[in-house]
Amino acid sequence: MSLSFSLLRLSTTCRKTCCVLYRYSTTYHGLSSFSRMASRNIRGNENFQHAIKYRLTTYAPLSVVAKETKQEELWQKTPQIELQKLPKYCLMLSKIRLTSLVVLTSMAGYALAPAPFEPLTFTLCAVGTGLVSCAANSINQFFEVPFDAQMSRTKNRVLVRGLLLPQHAVAFAALTATTGLTILFTGVNSLTAMLGIGNLFLYTCVYTPMKRMSILNTWVGSIVGAIPPLMGWAACEGSLGPGACILGVLLYSWQFPHFNALSWNLRPDYSRAGYRMMAVTNPGLCRRVALRHTGILTAVCCAAPYLNVTNVWFAVESLPLNAYFMYLAWRFYRESDSNSSRKLFRFSLIHLPALMLLFLVNKKYWGSKTENDLEDVKASQGKQVEMKFIGVLPRGPLVSAQEDVISTVGVKL
């Protein structure tokens, strides 16, 4: 009994000595090697670690120190926003690279539509679509702060680091969504604005919570990615025809090999944050879906001329591009390693703009489709009139009439 009591007194004395020496070293000489050794050796006692962490200037009972430190951890200071860095924070909140890709696809949809090009409508469509995308990304970050903090790819976002408060993200989303939808309603047309509203709802209220519930989130996210080019098409033509369907299917199918290859190397992050992605829950399905949709891309490109959207050269010129894309997807399916997935992802970044460029060069109608139809009708009518005048004159009645006139003139003479 006396031995245990002596050991207890000795441990208490050692703790007090370590605190005094640590206080002396931090006060006069900074964090000395002894204080680092003490904090490293006495890891079993949580209260003592708190005492060393907060550099107590006066010795207090360790139970009191633990209570105070826990209360301090619950309260955080409100971040002071630097006005000079506010535009940078807003760009980070809107995921500017993703928003730029969304705007580019909507601009491509406008350029590919068979209608006259109007610079004002084109600009308003791009600005409105970009603002709606900023709002969607801001709300997405607002909902996913605790999960983004667990992923290496997203741990440096503004809300995770505390550079902005959640209230700032909500206010920014409300401002950009209201402004963007107003521009689309008043400056473009109602169809484009309705597509923007639907896409905003689908991304924030369906896709974002579904990421932690089901692998179907990838299919929903592909629909979200296919709507911006439809918005551009609707802004130019005012309706959605077979060409818009072709463009939407191309963007929808392209996202599966693109995202599945990207998520393959991010499986530790997704599993740590609790996201249910195909690459995590069903790797075999992830590879099969990527390969399957490269085949769908090839089939849709071959069907575009038969639907009177492009000329035949589009199917011919896009075939090598799609064939190599399918080959990379097949390698990813067979090898299923980081190298094959990285090659597939990188080529997907080249495949989409190249495919859109071929679509633009080989589109069948450059003006309004009705105007082109009227020109075709006029051209066919002109050919029919020319054929009427080129016919061979009849010989019998005309020759006989001419002979009667000549004989009558001869009698008079």
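This text gives an overview of the structure that appears in the document. (Residues numbered from 1 in each chain as written. Predicted model: local features only at pLDDT ≥ 70, side-chain atom pairs only at ≥ 80, totals over all residues. Heavy atoms only, no water.)

### Concerning the packing of helix H12 (residues 217-237) against helix H13 (residues 242-264)
Item 1. Remark: H12 packs on H13, axes separated minimally by 8 Å, with the N-to-C direction vectors making an angle of 140°. Judged by the angle between their axes, H12 and H13 are oblique. In the crossing of H12 with H13, the sense of the turn from one axis to the other is right-handed. Listed contacts from H13 to Thr218, Trp219, Gly221, Ser222, Ile223, Gly225, Ala226, Pro229, Leu230 and Trp233 of H12 are Gly243, Ala244, Leu247, Gly248, Leu251, Tyr252, Gln255, Phe256, Phe259 and Asn260. (Axes fitted to C-alpha atoms, helices over the stretch in contact; angles between N-to-C directions. Helix = DSSP H or I, 4+ residues; strand = E, 2+ residues; numbered from the N terminus. Parallel < 35°, antiparallel > 145°, perpendicular 65-115°, else oblique. Left-handed = near helix turned anticlockwise from the far one by under 90°. Contact = heavy atoms within 4.5 Å.)

### Details of unusual backbone geometry
Item 1. Phi at Lys95 is positive, roughly 50°, even though this residue is not glycine.
Item 2. By the element assignment, Lys95 lies in the loop between helix H5 (86-93) and helix H6 (96-112).
Item 3. With phi around 50°, Ser336 is a residue other than glycine that occupies positive phi space.

### Describing H6
Item 1. With 17 residues, H6 extends 24 Å from end C-alpha to end C-alpha; this agrees with the ideal 24 Å at 1.5 Å per step.
Item 2. Within H6 the residues assigned to the buried category are Thr99, Val102, Val103, Thr105, Ser106, Ala108, Gly109, Tyr110 and Leu112.
Item 3. Summarising the contacts, the buried residues of H6 are in contact with helix H7 (119-143), H12, H13 and helix H18 (338-361). (Expected span 1.5 Å × (residues − 1). Buried < 20%, exposed > 50% of the residue type's maximum accessible area, 1.4 Å probe, protein only.)

### Focus: the side chain of Ser263
Item 1. Examined against the element boundaries, Ser263 turns out to sit in helix H13.
Item 2. By relative accessible area, which is 1% here, Ser263 ends up buried.
Item 3. Not counting chain neighbours up to four residues away, the residues in contact with Ser263 comprise Tyr270 and Ala279.

### With respect to the environment of Arg288
Item 1. Structurally, Arg288 is set in helix H16 (residues 283-303).
Item 2. Classification of Arg288 by relative accessible area gives partly exposed; the value is 38%.
Item 3. When the C-alpha atoms of Arg288 and Ala329 are compared, they prove to be 8.8 Å apart, with 41 residues separating the residues in sequence.

### What to know about the packing of helix H10 (residues 166-188) against helix H11 (residues 190-210)
What describes two packed helices is the angle between their axes and the distance between those same axes.
Item 1. At a closest axis distance of 7 Å, the pairing of H10 and H11 adopts a crossing angle of 155°. Judged by the angle between their axes, H10 and H11 are roughly antiparallel. Contacts between H10 and H11 pair Ala177, Leu181, Leu184, Phe185 and Val188 from the former with Ser190, Thr192, Ala193, Met194, Gly196, Ile197 and Leu200 from the latter.
Item 2. For the contact of H10 with H11, the residue count by class is nine nonpolar, three polar and no charged. (Nonpolar A, V, L, I, M, F, W, Y, C, P; charged D, E, K, R; others polar.)

### Describing the pattern of salt bridges
Item 1. Considering all chains together, one arrives at four salt bridges under this definition.
Item 2. Close ionic contact of Lys211 with Glu144 constitutes a salt bridge, the shortest N to O distance being 3.1 Å. Pair noted here: Lys211 is in the loop between H11 and H12 and Glu144 is in the loop between H7 and helix H8 (145-148), with a separation of 67 residues, a long-range link.
Item 3. For Lys211, a relative accessible area of 9% corresponds to the buried category.
Item 4. Of the residues examined, Glu144 reaches a relative accessible area of 3% and is grouped as buried. (Salt bridge = Lys/Arg side-chain N within 4 Å of Asp/Glu carboxyl O.)

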